[in-house]
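# What the coordinates show
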Amino acid sequence: MVGALAGSLLLLVLSMLFSWPVATGGGVTAAEQEREAAFEAPTGSCLDWTPPDGQDIKIVDCARPHLFEVTSTVDITADHPENAPVPDTATWQEIAETKCTPGATTYLGGKLDPFGKYTVNALKPSDTQWADGDRKLRCGVQTVAPSGALTPNEGTAARSDQSDVHTPGTCLALVDQKIGDPIDCAEEHAFEIVGNVDLAAAFPADYPTEDQQTEKAVELCNQVSAAYTGGADLAAKKLTLYSDTLKPESWAAGSRKVDCKVGAKLPGGGGLAPITNSVRGADVPAPTTTAPTSTTEPPPGG
């Protein structure tokens, strides 16, 4: 039974696959039962595991940290009948995106922010399952860091704001003048998230231009930053307050929140300088000025 249900998880960003271990005799263990239940989890279930192999995948309460939330099950037999070859990784990616996006959109209340918090993905049949005729995709949503690593969620996506914001106190790495994954603030980083602001009250109707968003967000972020840092003088520390903006597609999907973040410019304003430690600390070293230079101003959205 467990062997017949062995499956793989398709990670669209990393193109990585892993398979559930097959029982080797002596009965079905509790862990194998959890893996079986996870692969057959109904819509609305949340799954968690330890990357990268996922051997401990299991259903968890959505209130707990988890890496995947099931949004639908899709049968692709019509497009891939008996004796059809197993799709390669690129084809699996296309299949998962095409077949799972409609169900995920419905699950999220009819709107999916393409630049928001959630990425559509799927649990796919293993090669053995495929040979036995299994053509089901277990579709779901998850969040992915810039490197492609999965990041945990808490709470159900079905009732969550899709705005791509971070928990205040999160620091984001600086990698070749690009924004990277969350990192310990004691290490060199690009930005520290000092809070989030909601633009809904300021713009209750039509989509505001990015300039309008920035003007309002800076006003609100100044208040958030002062509360977060205890009124620290950012300029004296050679730090700058930035705010993100939302794209029209995000606004149409209902996203209204943006990050407020603190970073530092390289001399001359060309790019970001790495900083260390939290802006809330008593001692924040001056930004490092030896980072690779950039010919463009760091965008407000990172």
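Look above for the structure.
Residues numbered from 1 in each chain as written. Predicted model: local features only at pLDDT ≥ 70, side-chain atom pairs only at ≥ 80, totals over all residues. Heavy atoms only, no water.

Paired through backbone hydrogen bonds, the strands of a sheet run either parallel or antiparallel to each other. Ordered by their spatial adjacency, five strands build an open sheet running β9-β8-β10-β12-β11, and the pairing between neighbours is antiparallel. Each of the sheet's edge strands pairs with one partner strand only, and the pair in question is β9 (178–183) and β11 (240–243). For this sheet, the mean angle separating the axes of adjacent strands, direction not counted, is 35°. Note: β11 against strand β12 (residues 257–263), four bridges, orientation antiparallel. Along β12, the bridge assignment pairs Tyr-242 with Lys-261. Sitting on the sheet, helix α4 (residues 210–229) is in contact with β10 (191–198), β11 and β12, with an inclination near 115° to β10. (Pairing = 2+ DSSP bridges. Helix = DSSP H or I, 4+ residues; strand = E, 2+ residues; numbered from the N terminus. Axes fitted to C-alpha atoms, helices over the stretch in contact; angles between N-to-C directions. Contact = heavy atoms within 4.5 Å.)

The terminal C-alpha atoms of helix α2 (residues 89–107) lie 26 Å apart, and with 19 residues this matches the ideal 27 Å at 1.5 Å per residue to within 8%. The largest bend along α2 measures about 40° and falls at Cys-100, with the proline Pro-102 one to four residues further on. Along α2, the residues classified as buried are Trp-92, Ile-95, Ala-96, Cys-100, Ala-104, Thr-105 and Tyr-107. (Expected span 1.5 Å × (residues − 1). Bend = angle between axes of the 7 residues up to and from the residue. Buried < 20%, exposed > 50% of the residue type's maximum accessible area, 1.4 Å probe, protein only.)

According to the stated counting rule, one finds six salt bridges in the structure shown. Taking the shortest distance from any N to any O, the salt bridge between Lys-216 and Glu-219 comes out at 3.2 Å. One end of the pair is Lys-216 and the other is Glu-219, both in helix α4 and three residues apart, which spans about a single turn. Given the relative accessible area of 41%, Glu-219 is considered partly exposed. Residues joined by salt bridges that share partners form a network here, namely Glu-40, Asp-134 and Arg-138. (Salt bridge = Lys/Arg side-chain N within 4 Å of Asp/Glu carboxyl O.)

Below, the discussion takes up the state of the cysteines. As enumerated under the stated definition, the model contains four disulfides in all. Sulfur-sulfur distance for the disulfide between Cys-46 and Cys-62 comes to 2.0 Å. Because the torsion about its S-S bond is 100°, the bridge between Cys-46 and Cys-62 counts as right-handed. Of this pair, Cys-46 sits in strand β2 (residues 46–48) while Cys-62 is found in the loop between β3 (58–60) and β4 (68–75), placing the two residues 16 residues apart along the sequence. (Disulfide = S-S within 2.5 Å.)

What follows deals with the packing of aromatic side chains. Remark: the centre distance and the inter-plane angle together describe each pair of aromatic rings, the angle taken between the planes. Tallying each qualifying case throughout the model produces three aromatic pairs. Ring centres of Trp-92 and Trp-130 lie 5.6 Å apart, and the angle between their planes is 85°; on these two criteria the pair is classed as edge-to-face. You can see Trp-92 sitting in helix α2 and its partner Trp-130 sitting in helix α3 (residues 127–131), a full 38 residues away along the chain. Per residue, the accessibility class of Trp-92 equals that of Trp-130, and both read buried. (Phe/Tyr/Trp six-rings, centres within 6.5 Å; stacked < 30°, edge-to-face > 60°.)

The subject of this paragraph is helix α1 (residues 30–39). Those residues of α1 that fall on the buried side of the exposure criterion are Glu-32, Arg-35, Ala-38 and Phe-39. Across the axial projection of α1, the buried residues extend over an arc of 120°, all falling on one side. (Arc of directions from axis to C-beta.)

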